[in-house]
Amino acid sequence: MVLAAFEGWNDAGEAASSALAHLAEVWQAEPVAALDPEPYHDFQVNRPVVALGDDGRRRITWPTTRISRARPPGAHHDVLLVRGPEPSMRWMTWTDEVLGHLQRAGAGMLVTLGALLADVPHTRPIPVTSTADDEELLHRLALEPSRYEGPTGILGVLQDAAGRRGVPTLSLWAAVPHYVGHSPSPKAVLALLTRIEELLAVPVPLGDLPEEARAWQTGVDELAGEDAEIAEYVRQLEQAKDTAELPEATGEAIAREFERYLRRRGDGPRG
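Please read these numbers as outputs of a predicted model, since none were measured by experiment.

**Q** I'm lost on the sheet that holds strand 7 (residues 110-118) in this one. Help?
**A** Where strands meet in a sheet, backbone hydrogen bonds hold them as pairs that are either parallel or antiparallel. Taken in spatial order, the seven strands line up as 2-5-6-1-7-9-8 in an open sheet, and their pairing is mixed. In this open sheet, the two strands that pair with only one neighbour each are strand 2 (30-34) and strand 8 (128-132). Averaged over all pairs of adjacent strands, the angle between their axes in this sheet comes to 25°, without regard to strand direction. Two strands pair when backbone bridges link them, and strand 5 (residues 66-70) and strand 6 (residues 79-85) are joined in this way by five bridges, in the antiparallel orientation.

**Q** Teacher, can you tell me more about the nonpolar core here?
**A** Generally speaking, a soluble globular protein has its nonpolar side chains buried in company with each other. With 40 residues, the main nonpolar core has L3, L23, W27, L81, L113, L170 and L193 as its most contacted residues. Every element with two or more residues in this core is listed here: strand 1 (2-7), helix 1 (15-26), strand 6, strand 7, helix 3 (135-140), strand 9 (169-177), helix 5 (186-200) and helix 6 (209-225). When near neighbours in sequence (up to four residues on either side) are disregarded, W27 contacts L3, A70, P72, P73, V79, L81, L200, V204 and P205. Counting 19 residues, the second largest nonpolar core, distinct from the first, contains Y40, I67, I154 and V167.

**Q** Teacher, can you tell me more about the packing of aromatic side chains here?
**A** Following the criterion strictly, the structure yields three aromatic pairs and no others. Where Y179 meets Y233, the ring centres are 6.0 Å apart and the plane angle is 80°; that geometry is what we call edge-to-face. Residue Y179 is located in the loop between strand 9 and helix 5, and its partner Y233 is located in helix 7 (residues 228-244); the two are separated by 54 residues in the primary sequence. The exposure class assigned to Y233 is partly exposed, which follows from its relative accessible area of 28%.

**Q** Sorry, what's going on with the side chain of H122 here?
**A** With respect to the secondary-structure elements, H122 resides in the loop between strand 7 and strand 8. A polar side-chain atom of H122 sits 2.8 Å from a polar atom in the side chain of Y179. Aside from chain neighbours lying at most four places away, what touches H122 is P177, Y179, K187, W216, Q217, V220, D221 and V234.

**Q** Would you mind going over helix 7 with me for this structure?
**A** Since the α-helix turns once every 3.6 residues, residues separated by three or four places project in the same direction. For helix 7, spanning 17 residues, the distance from its first C-alpha to its last is 24 Å, which sits close to the expected 24 Å at 1.5 Å a residue. Residues A231, V234, L237, E238 and K241 constitute the buried set of helix 7. Down the axis of helix 7, the smallest arc covering the buried residues is 120°, so these residues share one side. Exposed positions of helix 7 whose direction lies more than 90 degrees from the buried face are A228, E229, Q239, T243 and A244. Each element contacted by the buried residues of helix 7 is listed here: helix 6. Where helix 7 begins, the side chain of D227 points an oxygen toward the backbone nitrogen of E229, at a separation of 3.0 Å.

**Q** What exactly am I supposed to notice about the pairing of strand 7 here?
**A** Remark: a regular strand shows side chains that alternate across the two faces of the sheet. Of all nine residues making up strand 7, seven are buried, and the element is well covered by its neighbours. Where strand 1 lies against strand 7, three bridges are found, and the strand directions are parallel. Note on strand 7: the bridge partner recorded for V2 is L110. Strand direction decides the pairing type here: strand 7 and strand 9, joined by nine bridges, are parallel. Along strand 9, the bridge assignment pairs G114 with W173.

**Q** What am I meant to see in unusual backbone geometry here?
**A** Outside of glycine, negative phi angles account for most residues, and trans bonds account for most peptide bonds. With an omega of -5°, the peptide bond between S183 and P184 qualifies as cis. With respect to the helices, strands and loops of the structure, P184 is situated in the loop between strand 9 and helix 5. Positive phi, close to 55°, is recorded for R90, a residue that is not glycine. Mapped onto the secondary structure, R90 falls in the loop between strand 6 and helix 2 (91-104). Phi at A201 takes a positive value of approximately 60°, unusual for a residue other than glycine. Looking at the secondary structure, you find A201 in the loop between helix 5 and helix 6. Overall, the relative accessible area of 15% leaves A201 in the buried class.

Quick notes on the rules
Residues numbered from 1 in each chain as written. Predicted model: local features only at pLDDT ≥ 70, side-chain atom pairs only at ≥ 80, totals over all residues. Heavy atoms only, no water. Pairing = 2+ DSSP bridges. Helix = DSSP H or I, 4+ residues; strand = E, 2+ residues; numbered from the N terminus. Axes fitted to C-alpha atoms, helices over the stretch in contact; angles between N-to-C directions. Core = buried A, V, L, I, M, F, W, Y, C linked by side-chain atoms within 4.5 Å. Buried < 20%, exposed > 50% of the residue type's maximum accessible area, 1.4 Å probe, protein only. Contact = heavy atoms within 4.5 Å. Phe/Tyr/Trp six-rings, centres within 6.5 Å; stacked < 30°, edge-to-face > 60°. Polar contact = N/O pair within 3.5 Å; in protein donor to acceptor, adjacent residues only side chain to side chain. Expected span 1.5 Å × (residues − 1). Arc of directions from axis to C-beta.

Here it is in structure tokens:
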């Protein structure tokens, strides 16, 4: 499996790129490849960063696409992680190069992570929408094909090119409350990681993220409490959300939560 996320247009609140960075850290991912940034990036948009190394010498890190490999504890297969800023130019050439690396590494399904600003309340679970174009995935995961038409980012281009090469693709999008769309957005990061955990059927170490998500929500509660218009707007969003979707209490949902609990204890199925 390949997990891909990119900073920029597809990454509200930096939720998707932060989720992938978290996985790279907790899974101790090892570098596989890094693309030459010169053909693909406008360095006035994504500037290189200079920092002091352990030896005291200054080093420049260039913005680029990096591919790494990890073996999640309990998983039977490696996972490739693809991350970096959305390229500024030559998207078709960039896509061919990335897919070439992935196919040479024996990649299977491509899962892209994105985040968008939406009319959702911060007080409710962050919605994560799953879509696919592959018929087998649609049937197996009981998904609906995407009906979106309009401008797309590098995620859409990468998915389209992968599908044309016979690689099944799945897209996960977290909906970040638009009135608090600035970074960071730990509750959205947590929602994406929870969905990835379900896909892989192995526990994902979350570290301090649950506490950070609670602190984030408390902070937004306090800000809303200081502004009557925002507080009223949040109440309207809550009412709309609660009316549109009854609380999820189906047998399937309960079973899924119980399996996740068992995996965290180390007793659950290792799919």
